[in-house]
Amino acid sequence: MTAPRPRPDSPLRFIDTTAKLSLLMAVLSILWCLCQIVVVVGLGHLDIVGWMQGEGLPVPAVFFWLGRHAALLSLLMLLASVGLLVVSWGLLKHREWGRIGFVMLLVLIAVANLAVIPLVDAVMLGLQSVIPADILQSEQGRELRVQLLVGRWSMLLLTCGSALVIALLHGWLVIKLYRPEIRRIFS
């Protein structure tokens, strides 16, 4: 005999749906991170910073920082994705450690998204500094500066907006996961 299906608005349905979606996101994120690590390793052999220096292009400090930490950042993202997979499984199996771990990851991801905003701005400013000054002073250069400025502000608005939406969604999930009817389900 099978158990009756939970009502669409039931806490159990909410938990199971959230856990299954998170498991799917974790698997996709792990695949993305593995591809990213392959690219980082490949780019490590290409030495883009060295190529830029060889071409006489100024290399922004943020590019050096990203180049030195790209593998570590990719590995940290992979570990976070594996962590999401583990806590999502615990959430699906209604384990208290899964609920607590899931909440911790929600908060960590929201904070990380907000913390990356200055890095995005530094990269966008770094792109402008790569262009030689004499080109920026020309007529086409002025147009390029406007395009870079619009791109920078568009990227910042997109990054800030998405970080805010994610923080609000994660905050809502945290509050929901601490409601008494949800907490009763976990062992």
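Residues numbered from 1 in each chain as written. Predicted model: local features only at pLDDT ≥ 70, side-chain atom pairs only at ≥ 80, totals over all residues. Heavy atoms only, no water.

### What to know about a nonpolar patch on the surface
Note the cut-off: In this scheme, patches are assembled from residues that exceed 30% relative accessible area and form no salt bridge. Like charges are connected within 9 Å, while nonpolar side chains (Val, Leu, Ile, Met, Phe, Trp, Tyr) are connected within 5 Å. Note on areas: Shrake-Rupley with a 1.4 Å probe; residue coverage comes only from the protein chains shown. Salt bridges are identified by distance alone: a Lys or Arg side-chain nitrogen within 4 Å of an Asp or Glu carboxyl oxygen. Helix and strand definitions follow DSSP, with helices as H or I runs of at least four residues and strands as E runs of at least two, each counted in order from the N terminus.
On the surface, a nonpolar cluster with roughly 530 Å² of combined accessible area is contributed by W65, L72, L73, L75, L76 and L79. In this fold, W65 is placed in helix α3 (residues 61-92).

### With respect to the packing of aromatic side chains
Just so we agree on the cut-off: Ring pairs are drawn from Phe, Tyr and Trp, using the six-membered ring of Trp, whenever the two centres fall within 6.5 Å, and their geometry is named by plane angle: stacked under 30 degrees, edge-to-face over 60, tilted for the rest. Two thresholds decide whether a charge sits over a ring: the Lys NZ or Arg CZ must be within 6 Å of the ring centre and within 35 degrees of the ring normal.
Counted by the stated rule, this structure contains one aromatic pair. Note on F14 and W172: the rings are 5.9 Å apart at their centroids and 85° apart in plane angle, and the pair reads as edge-to-face. A residue pair is termed long-range when its members are at least 10 positions apart, and F14 in helix α1 (residues 11-46) and W172 in helix α7 (residues 139-177) qualify at 158 residues. Positioned over the ring face of Y178 is R99, at 4.6 Å from the centre of the ring.

### Quick look at the state of the cysteines
Rule in force here: Cysteine sulfurs are considered disulfide-paired once they come within 2.5 Å of each other. Each residue is placed in one exposure class: buried if its accessible area under a 1.4 Å probe, protein chains only, is under 20% of its type's maximum, exposed if it is over 50%, and partly exposed if it falls in between.
In this structure the tally under the stated criterion is zero disulfides. Just so you know, C33 is unpaired, no disulfide at all, and the nearest cysteine sulfur is the one on C35, 9.4 Å from it. C33 gets classed as buried once you look at its relative accessible area, which sits at 0%.

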